[in-house]
Amino acid sequence: MRPMAQVAMVMNLDKCIGCHTCSVTCKQTWTNRPGTEYVYFNNVETKPGIGYPRRYEDQERWKGGWTLDRKGRLQLKAGGRLLKLLSIFYNPNLPSIDDYGDPWTYDYQTVVNAPLGTQNPSVHSISALTGRDMKLRWGSNWDDDLAGAPETAPSDPNLAGLEDRVKMEFEQVFMFYLPRICEHCLNPSCVASCPSGAMYKRSEDGIVLVDEDRCRGWRFCVSGCPYKKVYFNHRTGKAEKCTLCFPRIEEGQPTICSETCVGRLRYLGLFLYDADKVTEAAATPDEQDLYEAQLSVFLDPSDPEVQAEAAKAGIPADWVEAAQRSPVYALAVRHRVALPLHPEYRTLPMVWYIPPLSPVADVAHAAGYEHGDPDRVFATIDDLRIPIEYLANLFTAGKTETVRDVLRKLAAVRAVMRAGQLGLDLDEDLPASVGATADELDDLYRLIAIGKYEDRYVVPKAHAEDAGRLMAQHEQLFCSLDGEGGPGMGGNGPPSVESFHPGRTPNTAAGGGTFRADDGRTRFNLLGWNGRGDAPHLFPEVPEVPEADGS
Amino acid sequence: MSSFELWWWVILPYAAMVVFVVGHIWRWRYDQFGWTSRSTQLQERRLLKWGAPLFHYSAFAAIAGHVIGILIPRSFTEWLGIPERAYTLFSGIAGSVAAIGVLIGAGILIFRRMGVPRVRATTSGVDYLALILLGVISLLGIYLTLGVQEFGSGYDYRTTVSVWFRSLFAGTPDYKAIGDAPVMYQVHATAAWMIFAVWPFSRLVHAWSYPLWYLWRPYVVYRDRRAGPPPEPGTGGRRWRKIGVPY
């Protein structure tokens, strides 16, 4: 046994309202720079839908992830190492920027400077790549809310085999949102595809990162990732990807997409897993067994033997303790309601999803079933083959029983709570029929329906005690005040200590801080603010109006 | 020796060599972030599919041909027992194939870089400089291979250009040898020295990063987050820094 820790995420898709707040805050934090206009480390897709980039789930086209060779050994789907080196001058599996959406902006000045007139001025769309006028044909979220779905959605790869039975008619359609970030896989094919060795998985927390100094722009990571969550910065010529907001995670804070999630559907916590078993699990012969195989890799942090091994492997005690309270471990392993996205890519992804019951229940309702009655909903879940098969194509490589079990359990939680609220009689056998006890269903209810901040995000701080000692030694060699904008360089220096230390725990201080903006005004820094404390200088102070003369 | 000869056949080659070596050390230490192939496949893939592999593989062949023709003395191939006719025949055919490959490949790539607005927008000044030098070298190389060696009168560069080139490395520059060569050979050689001087400051540095190491590396790379001692001035690590940048 070789225990390692992994920061992982679970998203409860029932709660996603498709507001894109996660995408916006992520973009503001990480990718609002030239070269990354088209890049969304976090994006929200409408499903059924074609995805971002277009049809990224079609691995017969893009060759992302792993496959098994004839002898059953794990192999990159895009081919071996020699083939990669030979095709380095042209990567046949790289999506074009048109598949993501050619980024554009508008010449807003036209509107700003328009002369007074009766007609409203309009703006031209301008390509961010060339600076020329362009015609808009596709964008990163072109099919939001099933827009244009009759044309595009049938080419959703997850609908393979269901085409003849799926109707894109308003009354019969089912849809849900799928927020996606980097999966920070246990067996990352992007890392394996990088010829320069610039991509790596951090051994402490499992976050997958790109070393920008070692990246040489060979772009095989982009095509190697089956989720297409590594991007090519067209200005710098380097790969970039979701960092799981590691500066926040190291400080024990949730990622910015989780922090700002309106539906509060994201959970962050630790998994302990056995690194020795990863390759074996990823090489499971039957795709439909990969979900169970991945579960078998995880270690129970309450097991004394695991704890002893973790201590030997150098995992700090507070991390093991955090792993015991981990909401993601509870949802994925204890309750078995969270499922991995596309386990058939064999990367062992670590962002898991609770499949949505609502679209199924909606279709059940439209079909005339009363969805307050659990028996009826169960019957409907069994009847409604298309949504179930679709979800199975997303989360279990097509194994419908697993999805059905999860949905039944979620329906049972609803039934139990409904009976409790309305004082109805409840079938004693209901919890057992979904493979749970009444207490477990209650626990699940607390986790997914109540889900307080402290319960959703259990992120232990990184241990950086040694780094501090080393930095102290380093700091003697230069004056920290001489940095850009520091007093030694003629500036005013940092306005407050807080702005340099994002490490406030959310409950003890407001976080945030202030900074001096270009216009000379002191402004409040929303980044790092927990939303509870004061926010001085958030709005401009209203200057006192001198009273007019009475005359 | 005239000052003309001194400048073109002695000073320029040695200056180019120094700039090449020092420039690379400086770029490696100072600009790891800028050290990239700067691929534009994201923006345009249809032309690149044919142009890039054709150009690169033909350029490899051309470089290999130069190694054989310039670095290996005529006496060595004669000592091996390779008759002059066989050598000329081989170099003529292989050289012509490489030359035609470079011609078509570079033609597609230059058309792509100039004609496709998305690609053109990514092109920097030093890219144009490198492109022009490469164009001059390639066109002259093709002319010399096809026009002179293959279908022209032929010229034995191995007794002039090659002798001069090797003498530079021996420290006794034989400027007379190159002075006797036809002017097209002289321009070709001069442009080659100039591109060596431009090399470390252009995207051509990606040639040294061809990731052969990938063949032996374990697939999944792990790295520790734990901080090591930070690099300090005078204690190793990066000693070259942009002026004015705090440590």
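About the cut-offs
- Residues numbered from 1 in each chain as written.
- Chains lettered and ligands numbered in written order.
- Predicted model: local features only at pLDDT ≥ 70, side-chain atom pairs only at ≥ 80, totals over all residues.
- UniProt positions renumbered as here; feature names shortened; annotations may be inferred.
- Helix = DSSP H or I, 4+ residues; strand = E, 2+ residues; numbered from the N terminus.
- Buried ≥ 20, exposed ≤ 12 C-beta atoms within 10 Å, placed from the backbone.
- Contact = placed C-beta atoms within 7 Å.
- Pairing = 2+ DSSP bridges.
- Axes fitted to C-alpha atoms, helices over the stretch in contact; angles between N-to-C directions.
- Left-handed = near helix turned anticlockwise from the far one by under 90°.
- Nonpolar A, V, L, I, M, F, W, Y, C, P; charged D, E, K, R; others polar.
- Core = buried A, V, L, I, M, F, W, Y, C linked by C-beta atoms within 7 Å.
- Domains from an automatic or database assignment.
- Expected span 1.5 Å × (residues − 1).
- pLDDT = per-residue confidence, 0-100.
- Parallel < 35°, antiparallel > 145°, perpendicular 65-115°, else oblique.

Under an unreviewed UniProt entry, the name given to chain A is Nitrate reductase subunit beta, and the source organism is Actinomadura violacea. The annotation that UniProt attaches to chain A under Subcellular location (unreviewed entry) is "Cell envelope".

A.B. asks: Tell me about the overall build of chain B, residues and numbers included.
C.D. replies: Each helix and strand counted, chain B has nine helices and one strand in total. Counting from the amino terminus, helix and strand elements in chain B follow one another as α-α-α-α-α-α-α-α-α-β. Taking the principal axes of its C-alpha atoms as reference, chain B extends roughly 65 × 45 × 35 Å. When the 247 residues of chain B are sorted by exposure, 23% land in the buried category. Counting only contacts in chain B whose residues sit at least 6 apart along the sequence, the fraction spanning at least 24 positions is 81%.

A.B. asks: Got a sec to walk through the overall build of chain A? Specific residues and values, please.
C.D. replies: A count of helical and extended segments in chain A gives 23 helices and 17 strands. The 551 residues of chain A split such that 45% are buried. Restricting to contacts in chain A with at least 6 residues of sequence separation, those with at least 24 account for 65%.

A.B. asks: I'd like a rundown of the sheet that holds strand S14 (residues 339-340) of chain A, residues and numbers included.
C.D. replies: All names here are of chain A. Strand order in the open sheet formed by five strands is S13-S12-S1-S15-S14, with mixed pairing between adjacent strands. The open sheet is flanked by strand S13 (298-299) and S14, the only strands paired with a single partner. Sheet topology places strand S12 (residues 266-274) next to S13; two bridges connect them, and they run antiparallel. Residue Tyr-273 lies in a different strand from S13, and its bridge partner there is Phe-298.

A.B. asks: Outline the sheet that holds strand S1 (residues 222-223) of chain B, listing residues and values.
C.D. replies: The sheet built from three strands is open, its strands ordered S9(A)-S8(A)-S1(B) with mixed pairing. Each of the sheet's edge strands pairs with one partner strand only, and the pair in question is strand S9 (208-210) of chain A together with S1 of chain B. Pairing of strand S8 (residues 199-202) of chain A with S9(A), which is carried by three bridges, proceeds in the antiparallel orientation. Of the residues in S9(A), the one forming a bridge with Lys201(A) is Val208(A).

A.B. asks: Quick one: what's the story with the packing of helix H4 (residues 84-115) of chain B against helix H6 (residues 125-150) of chain B, residue by residue and with numbers?
C.D. replies: Residues and elements named next belong to chain B. With their axes 9 Å apart at the nearest point, H4 and H6 run at an angle of 145° to one another. Considering only the axes of H4 and H6, their crossing is left-handed. Where H4 approaches H6, its residues Gly-92, Gly-95, Ser-96, Ala-99, Val-102, Leu-103, Ala-106 and Ile-110 are matched on the opposing element by Leu-131, Gly-135, Ser-138, Gly-141, Ile-142, Thr-145, Leu-146, Gln-149 and Glu-150. The residue inventory of the contact of H4 with H6, partitioned by class, reads eight nonpolar, eight polar and one charged.

A.B. asks: Report on the interface of chain B and chain A, specifying residues and quantitative values.
C.D. replies: With 42 residues of chain B at the contact, the number on the chain A side is 47 residues. Secondary structure elements with two or more residues in the side of chain B that touches chain A: helix H2 (46-71), helix H5 (117-120) and S1 of chain B. Considering each element in turn, the side of chain B that touches chain A owes the most residues, five residues, to H2(B). Among the residues forming the side of chain B that touches chain A, the class breakdown is 22 nonpolar, 10 polar and 10 charged. In this structure, S8(A) lies alongside S1(B), joined through two bridges in parallel fashion.

A.B. asks: Can you break down the pairing of strand S11 (residues 238-241) of chain A residue by residue, with the values?
C.D. replies: By the alternation rule, side chains of S11(A) split into Lys238(A) and Glu240(A) and Ala239(A) and Lys241(A), which are all buried. Linkage of strand S10 (residues 230-233) of chain A to S11(A), two consecutive antiparallel strands, is achieved through a turn of four residues, within which Gly237(A) is found at a positive phi near 70°.

A.B. asks: Now, about the nonpolar core: what can you tell me, with residues and values included?
C.D. replies: Counting residues in hydrophobic clusters, the biggest one holds 130 residues, and the most contacted among them are Val10(A), Leu272(A), Val328(A) and Leu331(A). Tallying contributions element by element places helix H19 (residues 400-422) of chain A first for this core, with nine residues. Residue-level mapping places this core at the junction of two domains, with at least three residues from each of domain 1 (8-202 + 214-239) and domain 2 (266-456) of chain A. In this structure, Ala62(B), Val102(B), Ala106(B) and Leu109(B) belong to the second largest nonpolar core, which totals 10 residues.

A.B. asks: Kindly report on H19(A), identifying the contributing residues and their values.
C.D. replies: For H19(A), spanning 23 residues, the distance from its first C-alpha to its last is 32 Å, which sits close to the expected 33 Å at 1.5 Å a residue. Two residues or fewer past H19(A), Gly423(A) is found with a positive phi of approximately 65°.

A.B. asks: Describe helix H1 (residues 21-30) of chain A, and please don't skip the residues or the numbers.
C.D. replies: For H1(A), every residue scored as buried is listed here: Cys22(A), Ser23(A), Thr25(A), Cys26(A), Lys27(A) and Trp30(A). In this fold, the buried residues of H1(A) make contact with strand S2 (43-47), strand S7 (176-180) and helix H10 (256-259) of chain A.

A.B. asks: Break down the confidence of the model for chain A for me, with residues and values.
C.D. replies: When the pLDDT values of chain A are averaged, the result is 86; 84% of them are 70 or greater. Throughout residues 473-478 of chain A the model reports pLDDT below 50, and contacts reaching past four residues in sequence, or to other chains, amount to seven contacts.

A.B. asks: I'd like to hear about the packing of helix H1 (residues 3-30) of chain B against helix H9 (residues 183-198) of chain B, residue by residue, with values.
C.D. replies: Residue and element names in this part refer to chain B. Contact geometry of H1 with H9 gives a least axis separation of 8 Å together with a crossing angle of 25°. Considering their axes alone, H1 and H9 lie roughly parallel with respect to each other. When you trace H1 past H9, the crossing you get is left-handed. Residue-level inspection shows Trp-8, Leu-12, Pro-13, Ala-16, Val-19 and Phe-20 of H1 in contact with H9, the latter providing Thr-190, Trp-193, Met-194, Phe-196 and Ala-197. Partitioning the contact of H1 with H9 into residue classes produces 10 nonpolar, one polar and no charged.

A.B. asks: Report on the environment of Gly435(A), specifying residues and quantitative values.
C.D. replies: With respect to the element layout, Gly435(A) can be found in the loop between helix H20 (430-433) and helix H21 (438-450). Residues Gly435(A) and Pro3(A) lie 432 residues apart in sequence; the distance between their C-alpha atoms is 29 Å.

A.B. asks: Which residues make up the pairing of S2(A), and what values go with them?
C.D. replies: Residues and elements named next belong to chain A. Buried residues dominate S2, accounting for five of its five residues. Of the two faces of S2, the one lined by Asn-43, Glu-45 and Lys-47 and the one lined by Val-44 and Thr-46 are each fully buried. Sheet topology places S2 next to S7; five bridges connect them, and they run antiparallel. Directly across from Thr-46, in S7, lies its bridge partner Tyr-177.

A.B. asks: How would you sum up unusual backbone geometry? Please name residues and give values.
C.D. replies: Residues and elements named next belong to chain A. Following Lys-47, the chain continues into Pro-48 via a peptide bond in cis, with omega recorded as 0°. Relative to the assigned elements, Pro-48 resides in the loop between S2 and helix H2 (59-62). Following Tyr-52, the chain continues into Pro-53 via a peptide bond in cis, with omega recorded as -5°. Mapped onto the secondary structure, Pro-53 falls in the loop between S2 and H2. Despite not being glycine, His-20 shows a phi value in the positive range, around 65°. Mapped onto the elements, His-20 comes out in the loop between strand S1 (3-12) and H1.

A.B. asks: Kindly report on the environment of Asn158(A), identifying the contributing residues and their values.
C.D. replies: All names here are of chain A. Among the secondary structure elements, Asn-158 is positioned in the loop between helix H6 (149-152) and S7. For the pair Asn-158 and Val-208, spaced 50 residues apart in sequence, the C-alpha to C-alpha distance is 26 Å. The residues touching Asn-158, leaving out its near neighbours within four places in the chain, are Pro-48, Glu-57, Tyr-390, Asn-393 and Leu-394.

A.B. asks: Tell me about the confidence of the model for chain B, and name the residues and values.
C.D. replies: Residue and element names in this part refer to chain B. Per-residue pLDDT for chain B has a mean of 88; in total, 91% of the residues score no lower than 70. In this model residues 230-239 is a low-confidence stretch, pLDDT under 50, and it forms 11 contacts with partners more than four residues away in sequence or in other chains. For this predicted complex, the interface score ipTM comes out at 0.87, alongside a pTM of 0.84.

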